[in-house]
Structure formats: C-alpha cells, structure tokens
Amino acid sequence: DTEVTQTPKHLVMGMTNKKSLKCEQHMGHRAMYWYKQKAKKPPELMFVYSYEKLSINESVPSRFSPECPNSSLLNLHLHALQPEDSALYLCASSQLGGRNRHGYTFGSGTRLTVV
Amino acid sequence: RKEVEQDPGPFNVPEGATVAFNCTYSNSASQSFFWYRQDCRKEPKLLMSVYSSGNEDGRFTAQLNRASQYISLLIRDSKLSDSATYLCVVVRGGYQKVTFGTGTKLQVIP
C-alpha cells in the first residue's frame, strides 16, 4: 500500500464543473508536490509546497488552484478545465532539502477525464 | 534541448541479460539524482538514489558522472519483472525543482 493516498482514483468532469483532488501523507514529510502525467510522457512538475507554503508554481494555468491546509494534506482545486487537461495527476511528498536521500513518494494518482 | 534526456527505447532484452541506461542532464547546478521505475498505469516508484561514489542494490548499480553530466543504471541478470519504464530524476533549485527524464522502456523477453 502506498503511503501517499490520493482521492478520487478516477474523475470525469465537465468543462463547467468545479472539483477537487485530495492528497494525504502521514510520513512527516514537509514538502508536497503535484505532477501532471500524460500518456507515454514523464510526470511534469506543477506545484511544490514546503512547510505548507507554495514555493514553486511551474507557470500552471489559474484554472488549477493548489491548497495546503496543513502539513499532511494537499488539495488541487479544478475549475473550467479543458479536454487537454485530461491526464493522470500525481501527488508526491518528500523530506526537505539536502536531507532528502530517499526521493519522492508518490500516490497512485487521480485519472482525470474532462468532457 | 530538454533538461533531462534519456533514450526512449524500447530495449528488448532476454532474461539473464545485462542492460544499461544512460541519462544526461543540462544544468550543472543539479543537486541530487534518482532512478525510478514506472509500470503501466501505475505511479513511479523509487528504485535507488544515485551518488557520485556509485551505489549498488542487488542486481542494480547506479553511477553519477558530474563532469560529463550523466547518470547511469546497470541491471544485471534481467528478470521478466524488470519490464517497466525507467525514469531518471534530476533535482535542483534548493532540492525542490524536480525534473523527470523522458523515460526508457525495458521489455525483458523469456
């Protein structure tokens, strides 16, 4: 079982809907990440939170809105998405900085389809 | 030029073979390095961290060459269960800017 839990596993939404993806970890990690992965492509970094503050936004469109309510939770709020936003959305967590010798632990992802 | 590049493969190898993958990165300020494997429709899973001194974990050996800006992964005695896509990961920017390589697909054939 993965130590990073993502819900829902699958989501179908219309272009006018608002939905949220959720991610939870209890490993005491202080960095959390959102990635987007299209088929046959590598994951692409979207956002990084460290100590619950947004530290990196990779020029992601504003229709994606991240939120980190506490050190264990990470949300991704979705609004007015386009069909090309359909992808696997992966959450990950890690220790911070140079102490991170153990890489990034990924959740199993949310497979999003925008219709 | 992409920041992190890999040969996409696929590498089709027989069971028991030794196979090597390389990954090149363009930013000399890169700080840490990892190899991940990803099975079809699954999340990436950490295979091993990569250190300048090289490191080994069973049948897997990883090397980092900072001067030439590449990392490598060697798999000995390939098993059918090694079939997956192997992704290198390069980190910089205060250990937060995480970039995946394009991935190399390995198929081990009976």
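Owing to the predicted nature of the structure, the values given are computational and were not obtained by experimental measurement.

The rules behind these values
- Residues numbered from 1 in each chain as written.
- Chains lettered and ligands numbered in written order.
- Predicted model: local features only at pLDDT ≥ 70, side-chain atom pairs only at ≥ 80, totals over all residues.
- Heavy atoms only, no water.
- Contact = heavy atoms within 4.5 Å.
- Salt bridge = Lys/Arg side-chain N within 4 Å of Asp/Glu carboxyl O.
- Polar contact = N/O pair within 3.5 Å; in protein donor to acceptor, adjacent residues only side chain to side chain.
- Helix = DSSP H or I, 4+ residues; strand = E, 2+ residues; numbered from the N terminus.
- Nonpolar A, V, L, I, M, F, W, Y, C, P; charged D, E, K, R; others polar.
- Core = buried A, V, L, I, M, F, W, Y, C linked by side-chain atoms within 4.5 Å.
- Buried < 20%, exposed > 50% of the residue type's maximum accessible area, 1.4 Å probe, protein only.
- Pairing = 2+ DSSP bridges.
- Axes fitted to C-alpha atoms, helices over the stretch in contact; angles between N-to-C directions.
- Disulfide = S-S within 2.5 Å.
- 1 Å grid on protein atoms, 1.4 Å probe; cavity = no way out; pocket = protein on both sides within 12 Å on 5 of 7 lines; lining within 4 Å.
- Points joined across faces, edges and corners; volume = space filled by probe spheres on them.

**Q** I keep staring at the interface of chain A and chain B and nothing clicks. Help me out?
**A** In many analyses, interface size is given as the accessible surface area lost on bringing the parts together. Counting residues at the interface gives 25 residues for chain A, matched by 19 residues for chain B. Connecting chain A to chain B are one salt bridge. When the shortest N-O distance is used, the salt bridge between glutamate 58 of chain A and lysine 97 of chain B registers 2.9 Å. Taken together, the connections running from chain A to chain B amount to five residue pairs in polar contact (both at pLDDT 80 or more). Secondary structure elements with two or more residues in the side of chain A that touches chain B: β4 (31-37), β5 (44-50) and β6 (53-57) of chain A. A breakdown of the residues in the side of chain A that touches chain B according to their chemical character gives eleven nonpolar, eleven polar and three charged.

**Q** It is not clear to me how the nonpolar core should be interpreted in this structure. Could you clarify?
**A** Residues Phe21, Trp35, Ile71, Leu73, Ile75, Tyr86 and Leu106 of chain B are the most contacted members of the largest nonpolar core, which totals 24 residues. Contributing elements (two or more residues each) for this core: β3 (19-25), β4 (32-38), β5 (45-50), β7 (60-65), β8 (70-75), β9 (84-92) and β11 (104-109) of chain B. In contact with leucine 73 of chain B, not counting residues within four places along its chain, are Val19, Ala20, Phe21, Trp35, Leu47, Met48, Phe60, Thr61 and Tyr86 of chain B. The next biggest cluster of nonpolar side chains, apart from the first, holds 22 residues, and it includes Met32, Leu76, Cys91 and Leu112 of chain A.

**Q** Whenever I open this one, the sheet that holds β3 of chain B confuses me. Can you help?
**A** What links the strands of a sheet is backbone hydrogen bonding, and the strands pair in either a parallel or an antiparallel sense. All names here are of chain B. A sheet is described by the order of its strands in space; here five strands give the open sequence β1-β3-β8-β7-β6, paired in antiparallel fashion. At either end of the open sheet lies a strand with only one pairing partner, and these are β1 (4-6) and β6 (55-57). Direction aside, neighbouring strands of the sheet carry axes that sit 15 degrees apart on average. Looking at chain direction, β6 and β7 are connected through three bridges and run antiparallel.

**Q** Got a minute to help me understand the state of the cysteines in this structure?
**A** Put plainly, a disulfide is one covalent bond tying together the sulfur atoms of two cysteines. As enumerated under the stated definition, the model contains two disulfides over all chains in all. A sulfur-sulfur distance of 1.9 Å marks the disulfide that ties cysteine 23 of chain A to cysteine 91 of chain A. Negative torsions about the S-S bond denote left-handed disulfides, and the value of about -70 degrees found for cysteine 23 of chain A with cysteine 91 of chain A makes this one left-handed. Placement of the pair is cysteine 23 of chain A in strand β3 (residues 18-25) and cysteine 91 of chain A in strand β9 (residues 87-94), with a sequence separation of 68 residues. Each sulfur in the disulfide pair cysteine 23 of chain B and cysteine 88 of chain B lies 1.9 Å from the other. Judged by the sign of its S-S torsion, about 60 degrees, the bond between cysteine 23 of chain B and cysteine 88 of chain B is right-handed. With cysteine 23 of chain B in strand β3 and cysteine 88 of chain B in strand β9, this residue pair connects regions lying 65 residues apart in the sequence. Neither cysteine 23 of chain B nor cysteine 88 of chain B differs from the other in exposure class; each is buried.

**Q** What am I meant to see in empty space enclosed by the protein here?
**A** Empty space among the atoms can be located by rolling a probe the size of a water molecule over them. Residue and element names in this part refer to chain A. Scanning all chains against the criterion turns up one cavity of 30 Å³ or more. Volume-wise, the largest cavity comes out at about 40 Å³. Forming the walls of the largest cavity are His29, Arg30, Ala31, Met32, Tyr49, Ser50, Tyr51, Glu52, Cys68, Asn70 and Ser71. The residue makeup of the lining of the largest cavity, split by class, is five nonpolar, four polar and two charged.

**Q** Please clarify how the pattern of salt bridges should be interpreted in this entry.
**A** When their charged atoms lie close together, side chains carrying opposite charge are able to pair. Residue and element names in this part refer to chain B. Scanning the entire structure with this criterion turns up ten salt bridges over all chains. The residue arginine 37 makes a salt bridge to aspartate 39 at a minimum N-O spacing of 2.7 Å. Residue class for arginine 37 comes out buried when judged on its relative accessible area of 18%. A salt bridge links arginine 59 to aspartate 82; its shortest N-O distance comes to 2.8 Å. Of this pair, arginine 59 sits in the loop between β6 and β7 while aspartate 82 is found in the loop between β8 and β9, placing the two residues 23 residues apart along the sequence. Judged by its relative accessible area of 22%, arginine 59 is partly exposed. Taking relative accessible area as the criterion, aspartate 82 reaches 3% and is therefore assigned buried.

**Q** Would you explain the pairing of strand β2 (residues 10-13) of chain A in this entry?
**A** Successive residues of a regular strand alternate their side chains across the two faces of the sheet. Residues and elements named next belong to chain A. Going residue by residue along β2, you find Leu11 and Met13 tucked away on one face and His10 and Val12 left uncovered on the opposite face. The sheet contact formed by β2 and strand β11 (residues 110-114) spans four bridges and is parallel. Along β11, the bridge assignment pairs methionine 13 with valine 114.

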